[in-house]
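# Coordinate analysis (summary)
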Amino acid sequence: MNIAKIIAAVRAMLAVSLVPFSVVGGVGALLWAMNAGIDPEMAIFPITLANLLLVAVMERILPYRREWNRSHGDLRTDSLYFLTEIIVGGLMAPLLGMLTIIIGGWISAQVGSSLWPTSWPILAQVLLATVIREFFDYWAHRSMHRYHWLWRLHATHHSAERVYWLNATRAHPGEIVYRFCFVWVLPLAVLGVPKDVLALTTVAAVLADAYQHANIAIRLGPLSWIYSIGNLHRWHHSRERHEADTNYGNAYIFWDAIFGTRYLPDDREPPEEVGIEGLEAFPKGFFAQWFSPFRWVRIRRDSAVLVQSKPVVPE
């Protein structure tokens, strides 16, 4: 076998094994850490960071579109959003803890015990928590595409002109608060999900979610009915709204399959151009995007002017 065939075989193996390797390996590492007496909150960060580094490296080794590996003038903006998600999530943690105690305590008092089935095997608890977490986030994401004011927040995420690992965190602070804290974390916490179950559920989702925007030529096969990553999410970033208004799952796709919003055509590849049709004047700067929901009319007007000023290319 010559070198070219060996390289092709390695690339094919990586394409099908990266996602399951990351998820199984990361969950296994967390289980080992917890069994060793390490607090799961302390173990989650290094596991997540290692996975992000793997994704960033694999974008260079196995790119889906090579042009998406080149900066589109967006690295500074996306890097600042990466920090924003960490900061906003950290600031929301005390409020989340207080609400959990108040609401969870009230519910426990009404029913006489915790609602969570702590007697179940831990794997069953993780699966249940995953289904619940994704249900809330599915509808939160779908609502941001349906309701105009929420779409003004979510448009920041769809304004990206390429799909790569770092713009996964491109989200308006208002969206982070709406989705990250109150939508899926709070319901699980209120239900009394044990820390170890919550940690395993979170890690399993976050490790897979790192591949959602990754510019990696992964091949999911049957896993495309489980995970909302790869081409499924690239269709979600289509400039055409009827294509973008699909595949709402955060890390998983099963609620899309149930509610009829899963979209993965088998006759063509996802579009090369991503973004939002009709919002060509959407700001590219970090702070300008923060104020975009309040400048919506101006953005729409400027976008219309840009479209009209484009030269007509003869067919």
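Each remark here, short or long, concerns the structure printed above.
The rules behind the values
- Residues numbered from 1 in each chain as written.
- Predicted model: local features only at pLDDT ≥ 70, side-chain atom pairs only at ≥ 80, totals over all residues.
- Heavy atoms only, no water.
- Bend = angle between axes of the 7 residues up to and from the residue.
- Helix = DSSP H or I, 4+ residues; strand = E, 2+ residues; numbered from the N terminus.
- Buried < 20%, exposed > 50% of the residue type's maximum accessible area, 1.4 Å probe, protein only.
- Contact = heavy atoms within 4.5 Å.
- Axes fitted to C-alpha atoms, helices over the stretch in contact; angles between N-to-C directions.
- Parallel < 35°, antiparallel > 145°, perpendicular 65-115°, else oblique.
- Nonpolar A, V, L, I, M, F, W, Y, C, P; charged D, E, K, R; others polar.
- Polar contact = N/O pair within 3.5 Å; in protein donor to acceptor, adjacent residues only side chain to side chain.
- Phe/Tyr/Trp six-rings, centres within 6.5 Å; stacked < 30°, edge-to-face > 60°.
- Lys NZ or Arg CZ within 6 Å of the ring centre and 35° of its normal.

### Here's the deal with helix α1 (residues 3–35)
Roughly 50 degrees is the biggest bend found in α1, and it falls at Ser17, with proline Pro20 one to four residues downstream. For α1, every residue scored as buried is listed here: Leu14, Ala15, Leu18, Val19, Ser22, Val23, Gly26, Leu30, Ala33 and Met34. Contact partners of the buried residues in α1: α2 (40–61) and α7 (195–209). Gly37 sits one or two residues past α1 and shows a positive phi near 90 degrees.

### Details of the packing of α2 against α7
Their axes nearest at 11 Å, the elements α2 and α7 cross at an angle of 10 degrees. One finds that α2 runs roughly parallel with respect to α7. From α2, Pro40, Glu41, Ile44, Ile47, Thr48 and Asn51 reach across to α7, where they touch Lys195, Ala199, Val203, Val206 and Leu207. In terms of residue class, the contact of α2 with α7 is built from seven nonpolar, two polar and two charged.

### Examining the environment of Tyr164
Residue placement: Tyr164 occurs in the loop between α5 (148–158) and α6 (173–190). Separated by 109 residues in sequence, Tyr164 and Val55 place their C-alpha atoms 9.6 Å apart. The contact partners of Tyr164, leaving out residues within four places of it in the chain, are Glu59, Trp68, Asp74, Leu75, Asp78, His213, Ala214 and Asn215. A distance of 2.6 Å separates polar atoms of two side chains, one belonging to Tyr164 and the other to Asp78.

### A word on the packing of aromatic side chains
With the rule as written, the count across this model stands at 17 aromatic pairs. Among the aromatic residues, those joined into a cluster by ring pairs are Phe135, Phe136, Tyr138, Trp139, Tyr227, Tyr248, Tyr252, Phe254, Trp255 and Phe259. The lysine or arginine in question, Arg65, covers the ring of Trp68, its NZ or CZ lying 5.4 Å from the ring centre.

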